[in-house]
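# What the coordinates show
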Amino acid sequence: MSEAPESNNRSTAVVVLGAGRSGTSALTRGLGALGIDLGDKLRAPGGKNPTGFYEDEDILVISKRLKRALGIRGHSVRLLDEDVWTQPAVKKVQRDAIHIIGERFGKSPLWGYKYGRTLRTLPFWDGVFDALDLDVRYVMPLRNPLSVARSRARLNPQRGRQVWSDMEWLVNVVPYFHRVRGMPLSIVDFDRLMAEPRAQLERIARDLSLPLDATVQAGIDTYAKDFVRPDMPRSRFSRDDLRTDPAVNRWVAEGYGLLDRVAADEMRIDDPGFWAEWQPIQDAVNALGPLLGEFDYMNKRLAHAQWNPTSPVPVVRQIWRDLRNR
């Protein structure tokens, strides 16, 4: 069984945050190497993650139920209103989550989980953590949004377009990131994790005050030798590449750049200057709310037109008229 951090009798949960296609699975496998209990019901490898998703099946079911209660899908980009977290359907899922996670992990001194939209739905999870009196610590994999878009395009060319991928990045990272302020947090660049896995896992242990005994060091060595391969296919871009690409959203470039400074140990997350620079990014994303909601609405109508066997042409014509009149 994993050992809890010293001088803490509460159950410690290490929660993986981050946007999709940012290395969340690879990093979560690394948490296992750090001695963090990921549970015994992991989703089977396959499809877009042949080396493993490292997602607990029960937490995955909870997360999918939450998405249905919120009326969002993986590609949804509308912002969530504050009152959604108190809706009866959402509270029902939350009560079930408290019960299931308490039963599964309540006695585990050091455990963790990954789900790609935990940060997008953090108010829900904060309620679960508070109810279970967990000592929560966060780790956030970070990947250059140019690489995120290219990775996503291999699975879905439409969502992999830079503009769309950037919208998903913004809504999955920015709106509730301020809620982790003052909490233990380690931000880890995916490319650095692949290039120097030992150093980056030790950095996570340092940031989250996790033990680094001989057993953990052996797990880190196994991860570095057996899981990480230097020839793993991936694209690599710099902050300058992101800033100078005209297709990249300004706020994505600024948000990623700020987070990457923390990942590179150029800035501390508890530096007041970080949060002073983050606030305009958050304000800008909030101001995009109506546009993001409209994008979701029109995308839903286009999808309906595409799959409606009875009247696709009239629906497309009406959407075209609507677009012309806006």
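These lines cover the structure that appears in this document, whether it is placed above or below. (Residues numbered from 1 in each chain as written. Predicted model: local features only at pLDDT ≥ 70, side-chain atom pairs only at ≥ 80, totals over all residues. Heavy atoms only, no water.)

Another point: the packing of helix 6 (residues 162-173) against helix 11 (residues 250-263). Relative to each other, helix 6 and helix 11 sit at 50°, their axes nearing to 10 Å. Here helix 6 is positioned oblique relative to helix 11, judged by the angle of their axes. Every pair of crossing elements has a handedness; the one defined by helix 6 and helix 11 is left-handed. For the pair formed by helix 6 and helix 11, the contact residues are Asp 166, Trp 169, Leu 170 and Val 173 on the first element and Trp 251, Val 252, Gly 255, Tyr 256 and Leu 259 on the second. (Axes fitted to C-alpha atoms, helices over the stretch in contact; angles between N-to-C directions. Helix = DSSP H or I, 4+ residues; strand = E, 2+ residues; numbered from the N terminus. Parallel < 35°, antiparallel > 145°, perpendicular 65-115°, else oblique. Left-handed = near helix turned anticlockwise from the far one by under 90°. Contact = heavy atoms within 4.5 Å.)

This part covers the pattern of salt bridges. Enumeration over the complete set of coordinates arrives at 25 salt bridges. One salt bridge connects Asp 207 with Arg 206, and the closest N-O pair in it is separated by 2.8 Å. Overlapping salt bridges, with partners in common, bring together Asp 40, Lys 41, Asp 56, Asp 58 and Arg 104 in one network. (Salt bridge = Lys/Arg side-chain N within 4 Å of Asp/Glu carboxyl O.)

This brings us to unusual backbone geometry. Even without a glycine there, the phi angle at Arg 21 is positive, about 60°. Residue placement: Arg 21 occurs in the loop between strand 1 (12-16) and helix 1 (24-33). Residue classification places Arg 21 among the partly exposed positions, given a relative accessible area of 21%. Even without being glycine, Asp 265 reaches a positive phi, approximately 60°. Its location among the elements puts Asp 265 in the loop between helix 11 and helix 12 (272-287). Taking the relative accessible area as the measure of exposure, Asp 265 reaches 45% and is therefore partly exposed. (Buried < 20%, exposed > 50% of the residue type's maximum accessible area, 1.4 Å probe, protein only.)

Taken in spatial order, the four strands of this open sheet run 2-1-3-4, and their pairing is parallel. Edge strands, defined here as strands with exactly one partner in the open sheet, are strand 2 (110-114) and strand 4 (185-189). Direction aside, the axes of adjacent strands within the sheet are offset by 20° on average. Here strand 3 (residues 135-142) runs beside strand 4; their pairing, made up of five bridges, is parallel. Across the sheet, Val 139 pairs through a bridge with Ser 186, a residue of strand 4. Along the sheet face, helix 4 (residues 122-131) touches strand 1, strand 2 and strand 3 and points at about 150° away from the line of strand 3. (Pairing = 2+ DSSP bridges.)

Within the largest apolar cluster, 66 residues are counted, with the highest numbers of intra-cluster contacts made by Trp 125 and Phe 177. If we skip the residues at most four places from it in the chain, Phe 177 touches Leu 119, Met 140, Leu 185, Ile 187, Leu 259, Ile 269, Phe 274, Trp 275 and Trp 278. The next biggest cluster of nonpolar side chains, apart from the first, holds 26 residues, and it includes Val 16, Leu 27, Leu 193 and Ile 220. (Core = buried A, V, L, I, M, F, W, Y, C linked by side-chain atoms within 4.5 Å.)

Within the secondary structure, Arg 117 is located in the loop between strand 2 and helix 4. At 5.0 Å, Glu 168 is the nearest oppositely charged side chain to Arg 117, a buried residue that forms no salt bridge. The contact partners of Arg 117, leaving out residues within four places of it in the chain, are Lys 67, Gly 74, Arg 159 and Asn 172. (Lys, Arg positive; Asp, Glu negative; His and termini not counted.)

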